[in-house]
Amino acid sequence: MGKYIGGPHITAPKKGFGMPLSVFLNNNQRVTAELQKAQAILADTAFFKDRKDSAKAFAAWGGSNMNAAWATIVLGKWIESVGSGL
């Protein structure tokens, strides 16, 4: 690992990253569009295709608060990047 990442980054403790609150507050239409896209991507996965009620509940949860919306968008982007065969 030290070959690619040097110095203190290797031994530093894990650290998360926060939701970009200003993006959510200043770009409501774009966030809504990204959330809808992510929900569609999630609904198309094998996991949610077999669990229609869970997909609806997850979509409602994703739209109920900013943190949940951010998590839904990030998950949708990840699934999009690895393929929807999940």
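Here's a quick rundown of the structure. (Residues numbered from 1 in each chain as written. Predicted model: local features only at pLDDT ≥ 70, side-chain atom pairs only at ≥ 80, totals over all residues. Heavy atoms only, no water.)

**Description of the environment of Val 31**
To keep things clear, this is the line we draw: Secondary structure elements follow DSSP: runs of H or I no shorter than four residues count as helices, runs of E no shorter than two count as strands, and numbering proceeds from the N terminus. Between buried and exposed lies partly exposed: a residue is buried under 20% and exposed over 50% of the maximum accessible area for its type, with that area taken using a 1.4 Å probe on protein chains only. Between two residues, a contact is recorded if the distance between any of their heavy atoms is within 4.5 Å.
The topology assignment puts Val 31 in helix H3 (residues 28-43). Owing to a relative accessible area of 11%, Val 31 belongs among the buried residues under this scheme. Taking the C-alpha atoms as reference points, Val 31 and Trp 70, separated by 39 residues in sequence, lie 8.8 Å from one another. Beyond its immediate stretch of four places on either side in the chain, Val 31 contacts Val 23, Phe 24 and Ile 73.

**Things to note about the packing of aromatic side chains**
Rule in force here: Whether two aromatic rings pair depends on their centres lying within 6.5 Å, for rings of Phe, Tyr and Trp, where Trp uses its six-membered ring; planes under 30 degrees apart make the pair stacked, over 60 edge-to-face, and the rest tilted.
Going through the model one piece at a time under the given rule, you end up with one aromatic pair. Ring centres of Phe 47 and Phe 48 lie 5.0 Å apart, and the angle between their planes is 85 degrees; on these two criteria the pair is classed as edge-to-face. Since its relative accessible area comes to 42%, Phe 47 is described here as partly exposed. Its relative accessible area of 10% is what places Phe 48 among the buried residues.

**Observations regarding the nonpolar core**
What counts here: Only buried residues count toward a nonpolar core, which is a set of Ala, Val, Leu, Ile, Met, Phe, Trp, Tyr and Cys residues joined through side-chain atoms within 4.5 Å.
Counting residues in each nonpolar core, the largest one holds six residues, listed as Met 19, Phe 24, Val 31, Leu 35, Ala 69 and Ile 73. When residues of this core are traced back to their parent elements, those giving at least two are H3 and helix H6 (66-82).

**Remarks on the pattern of salt bridges**
Heads up, the condition is: For this analysis, a salt bridge means a side-chain nitrogen from Lys or Arg found within 4 Å of a carboxyl oxygen belonging to Asp or Glu.
In the structure shown here, the tally under the stated rule is three salt bridges. Taking the shortest distance from any N to any O, the salt bridge between Lys 37 and Glu 80 comes out at 3.4 Å. On the criterion of sequence distance, the pair formed by Lys 37 in helix H3 and Glu 80 in helix H6 is long-range, its members being 43 residues apart. Classification of Lys 37 as partly exposed rests on a relative accessible area of 37%.

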